Amino acid sequence: AVPLFIFSGMAMLKGGAALRLVKFATTLVGHWPGGLGVAMVIAMGFFAAFCGSILAAITAVGTIMMPKMIEQGYPTPFVVVLAASAALLEALIPPSNAAILFSALTYVPVSKTFAAGVIPGLILLVFMVLLVLFKCRHIKTDKKATLKERISSFVSALPALITPIIILGGIYAGFLTPSESAAVAGVYAVLIGFLIYKELTLSSLISCLKETAIITAVIFSIIATATFLSVVLTYTQAPQKLITYFTDMGVSVNLFWLMLGAICLILGTFIEIVPVFYLTVPIFAAITLSFNQSLLHLYVVFVAFAGIGMITPPVCVGIYTAAGVIKENPANAFKEVPLFTLVGIIYGILMILFPIFSTWLPSLL
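What you see is a predicted model; the values in this text were computed from it and never measured.

Student: So what about helix α2 (residues 17-29)? Which residues, and what values?
Tutor: Across its 13 residues, α2 extends 19 Å between first and last C-alpha, which sits within 8% of the 18 Å expected from 1.5 Å per residue. Of all 13 residues in α2, 10 are buried, a share of seventy percent or more. Buried residues of α2: Ala-17, Ala-18, Arg-20, Leu-21, Val-22, Phe-24, Ala-25, Thr-26, Thr-27 and Val-29, and no others. In the core, the buried residues of α2 are packed alongside α1 (2-14), α3 (35-48), α4 (54-71) and α10 (147-161).

Quick look at the structure:
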């Protein structure tokens, strides 16, 4: 499922779907205070619903939106960090490669992990929108789009907007497995790129395949190495010893969640989220179950805190990618990181305090 979702996202990017999504989001909210920033966040949320790669989301939406925002007077450092932060929606809003990897490690059904990320993902989107509305309230706005322009942009974006319905509808209706839905999404992305938007060419399709292969190779190289470490941990019984240590100390459930958040935040600062998953989830999952807590709650809290590492130096891969899109020095963007980090920590604490956000929707399945 992982390479197939990455491919569908790349095909959507090269085939013109991302551009239509951005135009639709801009006609909806472009006239708000900080409207272009809000439009970028919403477009990231849409794109997250059919793209398995955070970096692809930054590239797809950021390439279109970031130059336009800077031209309208948005501070360049803020734009860079906003693009990197908004792309974290991909880790929560299904389908998500992070959810697939988590399910592979914990044996939780992928459909339930997908469902666990929906409400937290929407809450994160609201947090991002509120931050933009506050920070950019004095920046000039676009003229309000007419009803005709909104309808036209909606019709143009409709083939792309249907994609999540195909992916998630197939899974939850029981017609498709996650891997099959990813394959269907890839075929659908190619078809609308060639037949509807007519922007996908044979050379760009080959480029999609190459980029998918590179991203997949990187991810699976990490997985292969981390799997070896997991086997070593199993033989040394390190998870069991850690559980015993926690229980003997009399650590409360709330303290455990706070310690987990702090560990994920620190590791995410120095290591990308995929290896952090493979290094720590097997241990955290065992401790979570020993406290009789939901693994779906673990998934959301884990992503909330480890995802902040996408924007915190030194290994802030999200900022490096976003800065590279507009050829900006990433170091210039670091001054905006504390504000976004603070918002991320508040969001993570909210996810800890209210596990119902991650468990309610999966309980209905």
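More follows now that the structure is in view.
Student: Residue-level account of the pattern of salt bridges, with values.
Tutor: All chains considered together, the criterion is met by 3 salt bridges. As a salt-bridge pair, Arg-20 and Glu-199 come within 2.5 Å of each other at their nearest N and O atoms. Taken together, the residues Arg-20 in helix α2 and Glu-199 in the loop between α12 (178-196) and α13 (202-236) connect sequence positions 179 residues apart. Classification of Glu-199 as partly exposed rests on a relative accessible area of 35%. Its salt-bridge partner being Lys-135, residue Glu-336 comes within 3.7 Å of it at the nearest N-O pair. With Glu-336 in the loop between α18 (317-325) and α19 (337-353) and Lys-135 in helix α9 (residues 118-135), this pair connects stretches of sequence that are 201 residues apart.

Student: I'd like a description of the nonpolar core, backed by residues and values.
Tutor: Generally speaking, soluble globular proteins have nonpolar side chains that are buried together. Judged by nonpolar contacts, the single largest core of 127 residues is most densely connected at Met-40, Val-41, Met-44, Leu-82, Phe-277, Tyr-299 and Ile-319. At 11 residues, helix α17 (residues 295-306) tops the list of elements feeding residues into this core. Those residues in contact with Leu-82 that sit more than four places away from it in its chain are Gly-37, Met-40, Val-41, Met-69, Met-128, Val-132 and Phe-340.

Student: Describe in detail the environment of Val-2, supporting the description with residues and values.
Tutor: When you line up the elements, Val-2 lands in helix α1. Measuring from C-alpha to C-alpha, the distance between Val-2 and Pro-77 comes to 31 Å, with 75 residues separating the pair along the chain. Sequence-distant contacts of Val-2, that is, excluding residues within four places in its chain, are made with Asn-97, Ile-100, Leu-101, Ile-219 and Phe-220.

Student: Talk me through the packing of aromatic side chains; I want residue IDs and the actual numbers.
Tutor: By the definition in use, this model includes 8 aromatic pairs. Their ring planes at 50 degrees and their centres at 5.6 Å tell us that Phe-24 and Phe-154 sit as a pair that is tilted. Here Phe-154 lies in helix α10 and Phe-24 lies in helix α2, a separation of 130 residues in the sequence. Residue class for Phe-24 comes out buried when judged on its relative accessible area of 9%. With centroids separated by 5.6 Å and ring planes inclined at 40 degrees, the aromatic side chains of Phe-354 and Phe-357 adopt a geometry described as tilted. Note on Phe-357: relative accessible area 24%, which makes it partly exposed.

Student: Describe in detail a nonpolar patch on the surface, supporting the description with residues and values.
Tutor: Where nonpolar side chains cluster on the molecular surface, the patch consists of Leu-147, Ile-151, Phe-154, Val-155, Leu-158, Ile-162 and Ile-165 and spans about 630 Å² of accessible area. Take the nonpolar patch: its biggest share by element is 5 residues, from α10. Along the polypeptide, Ile-151 turns up in helix α10.

Student: Any details on helix α15 (residues 253-270)? Residues and values, ideally.
Tutor: Structural remark: α-helix, 3.6 residues per turn; residues separated by three or four positions point the same way. Here α15 spans 26 Å end to end across 18 residues, near enough to the 26 Å set by a 1.5 Å rise per residue. Every buried residue belonging to α15 is among Phe-256, Trp-257, Leu-260, Gly-261, Cys-264, Leu-265, Gly-268 and Thr-269, and all of these are buried.

Student: I'd like a rundown of the environment of Pro-362, residues and numbers included.
Tutor: Tracing the backbone shows Pro-362 in helix α20 (residues 356-363). Take Pro-362: its relative accessible area is 2%, and that puts it in the buried class. In sequence terms Pro-362 and Ala-116 are 246 residues apart; their C-alpha atoms lie 5.9 Å from each other. Every residue in contact with Pro-362, bar those within four places of it in the chain, is listed here: Lys-112, Ala-115, Ala-116 and Leu-296.

Student: Explain unusual backbone geometry to me, and be specific about the residues and the numbers.
Tutor: Of the consecutive residues Pro-94 and Pro-95, the connecting peptide bond is found in the cis state with omega at -5 degrees. Positioned with a positive phi, Tyr-107 is a non-glycine residue whose angle comes to about 65 degrees. Among the structural elements, Tyr-107 can be located in the loop between α7 (97-106) and α8 (110-116). One non-glycine residue, Lys-198, lies in the positive phi region at around 55 degrees. Looking at where Lys-198 falls in the secondary structure, it is placed in the loop between α12 and α13.

What counts and what doesn't
- Residues numbered from 1 in each chain as written.
- Predicted model: local features only at pLDDT ≥ 70, side-chain atom pairs only at ≥ 80, totals over all residues.
- Heavy atoms only, no water.
- Helix = DSSP H or I, 4+ residues; strand = E, 2+ residues; numbered from the N terminus.
- Expected span 1.5 Å × (residues − 1).
- Buried < 20%, exposed > 50% of the residue type's maximum accessible area, 1.4 Å probe, protein only.
- Contact = heavy atoms within 4.5 Å.
- Salt bridge = Lys/Arg side-chain N within 4 Å of Asp/Glu carboxyl O.
- Core = buried A, V, L, I, M, F, W, Y, C linked by side-chain atoms within 4.5 Å.
- Phe/Tyr/Trp six-rings, centres within 6.5 Å; stacked < 30°, edge-to-face > 60°.
- Patch = residues over 30% accessible without salt bridge, like charges linked within 9 Å, V, L, I, M, F, W, Y side chains within 5 Å.
- Areas by Shrake-Rupley, 256 points an atom, 1.4 Å probe, with all protein chains shown as cover.

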